[in-house]
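Listed below are the residues making up each chain.
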Amino acid sequence: MTGRFIVFEGGEGSGKSTQARRIALARSALLTRQPGGTEIGASIRRLLLSPDTAGLSDRAEALLMAADRAQHVDEMIRPALDAGKDVICDRYVSSSLAYQGAGRALGIPAVLELSEFAVGGTWPDLNVLLDVPVEVGLGRIDGPPDRLEQQGDGFHKRVRETFLALAAATPDRWLVIDGTQPADNVAAELDAALSERFLWTL
């Protein structure tokens, strides 16, 4: 039996990382993230997110995200799932569709094709979207913003709209939760949904 693969998605400051960590701990699951889940990916992450990275083209950004994802799937995600271990991942393909496909206006079909090649058929059992308005999410950021957080409101609004559109297009593959609620309320709603869907005890 393969493990369950749950991905947490959302814009900046949505609270997805907090909830992903909590669920992974409760399930003794592998917790990982994109970009940066592997040693190679960590180098890619620094390049992608550092405010000092100048001149990186939008297409190069998309290709680097895909390279990180391909390494991540081959090195960590697929082996863990095949061994029967649950995997909780902070961002996956839908983030590239939202950030590079829509935010960077590269087009969702082009980024999806690239992502399909990168993941080699490894898709989540469920995408969890923690949705917050752009101004709320950006207002939660502590410390200096990274390279993607620095993009303007228009960029981040396109990202949010795309996440919501993806969830609406395939609702059986998504769980959408209002991320403006207190963290305990988000956790309770998430736990109830996962327990119902996967018969998990959290």
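Structure first, text after, so check above.
Residues numbered from 1 in each chain as written. Predicted model: local features only at pLDDT ≥ 70, side-chain atom pairs only at ≥ 80, totals over all residues. Heavy atoms only, no water.

Applying the stated rule across the entire model yields 4 aromatic pairs. Between Tyr-99 and Phe-163 the ring centres are 6.4 Å apart and the planes differ by 70°, which places this aromatic pair in the edge-to-face class. Of the two residues, Tyr-99 sits in helix H4 (residues 93–103) while Phe-163 sits in helix H7 (residues 153–169), which places them 64 residues apart along the sequence. A single burial state applies to Tyr-99 and to Phe-163, both of which are buried. Summarising the aromatic geometry, the rings of Phe-198 and Trp-200 are spaced 5.2 Å apart at their centres and angled 40° between planes, so their arrangement reads as tilted. Residue Phe-198 is classed as buried on the basis of its relative accessible area, which comes to 11%. Joined through ring pairs, the aromatic side chains of Tyr-99, Phe-155 and Phe-163 make up one cluster. (Phe/Tyr/Trp six-rings, centres within 6.5 Å; stacked < 30°, edge-to-face > 60°. Helix = DSSP H or I, 4+ residues; strand = E, 2+ residues; numbered from the N terminus. Buried < 20%, exposed > 50% of the residue type's maximum accessible area, 1.4 Å probe, protein only.)

The next point concerns the layout of surface pockets. Size it by volume and the largest pocket reaches roughly 640 Å³. As for the largest pocket, its lining consists of 31 residues, of which Glu-12, Lys-16, Ser-17, Arg-45 and Arg-91 are closest to the centre. Taken together, the elements giving at least two residues each to the lining of the largest pocket come down to helix H1 (16–27), strand S2 (30–33), helix H2 (39–49), helix H3 (58–82) and H4. Element by element, the count of residues in the lining of the largest pocket is highest for H1, at 5 residues. Along the lines of polarity and charge, the residues of the lining of the largest pocket split into 8 nonpolar, 11 polar and 12 charged. Volume-wise, the second largest pocket comes out at about 220 Å³. The wall of the second largest pocket is formed by 13 residues, among which Ser-94, Leu-97, Asn-127, Thr-170 and Trp-174 lie closest to the centre. Of all the secondary-structure elements, those providing two or more residues to the lining of the second largest pocket are H4 and H7. Of the residues that constitute the lining of the second largest pocket, the class distribution is 9 nonpolar, 3 polar and 1 charged. (1 Å grid on protein atoms, 1.4 Å probe; cavity = no way out; pocket = protein on both sides within 12 Å on 5 of 7 lines; lining within 4 Å. Points joined across faces, edges and corners; volume = space filled by probe spheres on them. Nonpolar A, V, L, I, M, F, W, Y, C, P; charged D, E, K, R; others polar.)

Moving on: the side chain of Gln-34. Checked against the element boundaries, Gln-34 lands in the loop between S2 and H2. On the accessibility criterion, Gln-34 (3% relative accessible area) is buried. A polar atom in the side chain of Gln-34 sits 2.7 Å from the side chain of His-72. Dropping the residues within four chain positions of it, Gln-34 is found in contact with Arg-45, Asp-68, Arg-69, His-72, Ile-77, Cys-89, Asp-90, Arg-91 and Tyr-92. (Polar contact = N/O pair within 3.5 Å; in protein donor to acceptor, adjacent residues only side chain to side chain. Contact = heavy atoms within 4.5 Å.)

Turning our eyes to something else, we now look at the pairing of S2. Residues Leu-30 and Thr-32 point to one face of S2 and are all buried, whereas Leu-31 and Arg-33, pointing to the other face, are not buried. Two strands pair when backbone bridges link them, and S2 and strand S3 (residues 87–90) are joined in this way by 4 bridges, in the parallel orientation. Bridge pairing links Thr-32 to Cys-89 in S3. (Pairing = 2+ DSSP bridges.)

Close contact between H3 and helix H5 (residues 108–119) brings their axes to 8 Å; oriented N to C, the two are set at 25°. With respect to each other, H3 and H5 are oriented roughly parallel. Between H3 and H5 lies a crossing of right-handed hand. Between H3, through Ala-62, Leu-63, Ala-66, Arg-69, Ala-70 and Val-73, and H5, the contact on the second element is made entirely by Leu-114, Ser-115, Ala-118 and Val-119. Looking at the contact of H3 with H5, its residues break down into 8 nonpolar, 1 polar and 1 charged. (Axes fitted to C-alpha atoms, helices over the stretch in contact; angles between N-to-C directions. Parallel < 35°, antiparallel > 145°, perpendicular 65-115°, else oblique. Left-handed = near helix turned anticlockwise from the far one by under 90°.)

Further remarks concern the side chain of Ser-94. In this structure, Ser-94 sits in helix H4. Looking at Ser-94, the relative accessible area reads 10%, which means it is buried. The contacts of Ser-94, once residues within four sequence positions are left out, are Glu-9, Asn-127, Phe-163, Leu-166 and Trp-174.

Moving on, we get to empty space enclosed by the protein. All chains considered together, the criterion is met by 3 cavities of 30 Å³ or more. Approximately 70 Å³ is the volume attributed to the largest cavity. Taken together, Gly-11, Glu-12, Val-132, Pro-133, Val-134, Gly-137, Leu-138, His-156, Val-159 and Arg-160 make up the full set of residues lining the largest cavity. For the lining of the largest cavity, the secondary-structure elements that each account for two or more residues are helix H6 (134–139) and H7. Each residue belonging to the lining of the largest cavity can be placed in one class, and the counts come to 5 nonpolar, 3 polar and 2 charged. Estimated volume of the second largest cavity: approximately 40 Å³. Surrounding the second largest cavity, Gly-11, Leu-129, Leu-130, Asp-131, Val-132, Arg-160 and Phe-163 form its lining. The dominant element in the lining of the second largest cavity, judged by the number of residues it contributes, is strand S4 (residues 126–131), at 3 residues.

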